[in-house]
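Inside the fold
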Amino acid sequence: YKIVYVPHNIIKEHIACYNVEYKGKIIAPAVAGILRIPPNEIWISQKFKKQEDEILFHELNEIKYRWEGYSQKEAHRKAKMEKTIQ
């Protein structure tokens, strides 16, 4: 995936967002369409660039859980519970 740092004011409500294909399935929150995130991009607020590893770890876990069939809210909750890179 392409990681794109965007001005904080564009994504301040979310810190990060994605529009990706994972194992043949498009995974994207509704806001990805509103933000017009291109396919296979993960956007991160420039304000949080120093936390890139932690944010990407969270987003990739959330994508995995979405692929497994969890709702966006539940996938986000489960990804928040992940504390270390496995």
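Reading guide: rules and limits
Residues numbered from 1 in each chain as written. Predicted model: local features only at pLDDT ≥ 70, side-chain atom pairs only at ≥ 80, totals over all residues. Heavy atoms only, no water. Helix = DSSP H or I, 4+ residues; strand = E, 2+ residues; numbered from the N terminus. Rg over C-alpha atoms; globule rule 2.2 N^0.38 Å. Buried < 20%, exposed > 50% of the residue type's maximum accessible area, 1.4 Å probe, protein only. Expected span 1.5 Å × (residues − 1).

A tally of regular secondary structure across the chain gives 4 helices and 4 strands. Listing every helix and strand of the chain by position from the N terminus yields β-α-β-β-α-β-α-α. A compact globule built from 86 residues should have a C-alpha radius of gyration of about 12 Å, and the chain, at 12 Å, falls within 12% of that. In terms of principal-axis extent, the alpha carbons of the chain reach across some 30 × 25 × 20 Å. The buried share of the chain, reckoned over its 86 residues, is 37%.

This paragraph deals with unusual backbone geometry. Even without being glycine, lysine 23 reaches a positive phi, approximately 50°. You can see lysine 23 is positioned in the loop between strand S2 (16-22) and strand S3 (25-27). Overall, the relative accessible area of 58% leaves lysine 23 in the exposed class. At asparagine 40, a residue that is not glycine, the phi angle is positive and equals roughly 60°. Structurally, the position occupied by asparagine 40 is in the loop between helix H2 (30-35) and strand S4 (41-45). For asparagine 40, a relative accessible area of 31% corresponds to the partly exposed category.

Our next topic: the environment of glycine 33. Examined against the element boundaries, glycine 33 turns out to sit in helix H2. Exposure remark for glycine 33: the relative accessible area of 51% places this residue in the exposed category. Here the alpha-carbon distance between glycine 33 and lysine 2, two residues 31 residues apart in the chain, equals 17 Å.

Here we come to helix H3 (residues 52-67). Taking 1.5 Å of rise per residue, the 16 residues of H3 would be expected to cover 22 Å, and the 22 Å separating its terminal C-alpha atoms lies within 8% of that figure. Considered for burial, the residues of H3 that qualify are Ile55, Leu56, Phe57, His58, Glu59, Asn61, Glu62, Ile63, Tyr65 and Arg66. Residue glycine 69 follows H3 closely and has a positive phi angle near 110°.

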